[in-house]
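# Reading the structure
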Amino acid sequence: MRWLIDEMLPPATAAELNALGHDAIGVAEAGLAGRDDATVYETAVEQQRLVVTENVADFATITKDRLAAGETSVPVVFVRKHQHSRGSALAPALARHLHRWATENPKPYPGAHWP
């Protein structure tokens, strides 16, 4: 799968996903550090990437509004860091979690997902 990892998550998550056979980049790597969430989402649409974020408030609203307007949308995968290992173990734990989810959901629909 093609992933765009939001900046509130460890950038190493992308490298861990790539090691598991995915195509993942972090927001900073994509040149989007500090950019607004609508721009991050639009980049995901342009690059056909799933967004991975903890930011439910903003990304759920963007997704809902785009779907309601009939605009092109992407899957948004919401994760919670506190449900995984801490420190340097967080990125590998998130990557394994996302990899398992992707294996079980090889063709996710545009919209919110809670693995």
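Residues numbered from 1 in each chain as written. Predicted model: local features only at pLDDT ≥ 70, side-chain atom pairs only at ≥ 80, totals over all residues. Heavy atoms only, no water.

Before going further, it helps to spend a moment on the packing of helix H2 (residues 37–47) against helix H3 (residues 56–68). Interaxial distance between H2 and H3 falls to 10 Å at its minimum, and their mutual angle equals 55°. As far as their axial angle goes, H3 and H2 are oblique. The crossing of H2 and H3 is right-handed. The residues of H3 that touch H2, namely those facing Asp37, Ala38, Val40, Tyr41, Glu42 and Val45, are Asp58, Phe59, Ile62, Thr63 and Arg66. Here the contact of H2 with H3 is composed, by residue class, of six nonpolar, one polar and four charged. (Axes fitted to C-alpha atoms, helices over the stretch in contact; angles between N-to-C directions. Helix = DSSP H or I, 4+ residues; strand = E, 2+ residues; numbered from the N terminus. Parallel < 35°, antiparallel > 145°, perpendicular 65-115°, else oblique. Left-handed = near helix turned anticlockwise from the far one by under 90°. Contact = heavy atoms within 4.5 Å. Nonpolar A, V, L, I, M, F, W, Y, C, P; charged D, E, K, R; others polar.)

Looking now at helix H1 (residues 12–19). Within H1, the full set of buried residues consists of Thr13, Ala14 and Leu17. Buried residues of H1 fall within an arc of 100° about the axis and therefore sit on the same side. Looking at the buried side of H1, the elements it contacts are strand S1 (2–5), strand S2 (23–26) and helix H4 (90–104). Positioned one or two residues after H1, Gly21 has a phi angle of 100°, which is positive. (Buried < 20%, exposed > 50% of the residue type's maximum accessible area, 1.4 Å probe, protein only. Arc of directions from axis to C-beta.)

Let's shift gears to the nonpolar core. Among the nonpolar cores identified, the biggest contains 16 residues, and Trp3, Ile5, Leu17, Val52, Val77, Val79 and Leu98 are the most heavily contacted of them. Among the secondary structure elements, those contributing two or more residues to this core are S1, H1, strand S3 (50–53) and H4. Setting aside chain neighbours within four positions, we find Ile5 in contact with Pro10, Thr13, Ala14, Leu17, Ile25, Gly26, Val27 and Val52. Listed in part, the 14 residues of the second largest apolar core include Ile25, Ala44, Val45 and Val74. (Core = buried A, V, L, I, M, F, W, Y, C linked by side-chain atoms within 4.5 Å.)

This part covers H3. With 13 residues, H3 extends 17 Å from end C-alpha to end C-alpha; this agrees with the ideal 18 Å at 1.5 Å per step. Of all the positions in H3, only Phe59, Ile62, Thr63 and Arg66 are classed as buried. The buried residues of H3 occupy an angular sector of 95° when projected down its axis, which confines them to one face. Turned more than 90 degrees from where H3 packs its buried face, Ala57, Lys64 and Ala68 sit exposed. The inward-facing, buried residues of H3 contact H2, S3, strand S4 (75–78) and strand S5 (111–113). Count one or two residues on from H3 and you reach Gly70, which has phi positive near 75°. (Expected span 1.5 Å × (residues − 1).)

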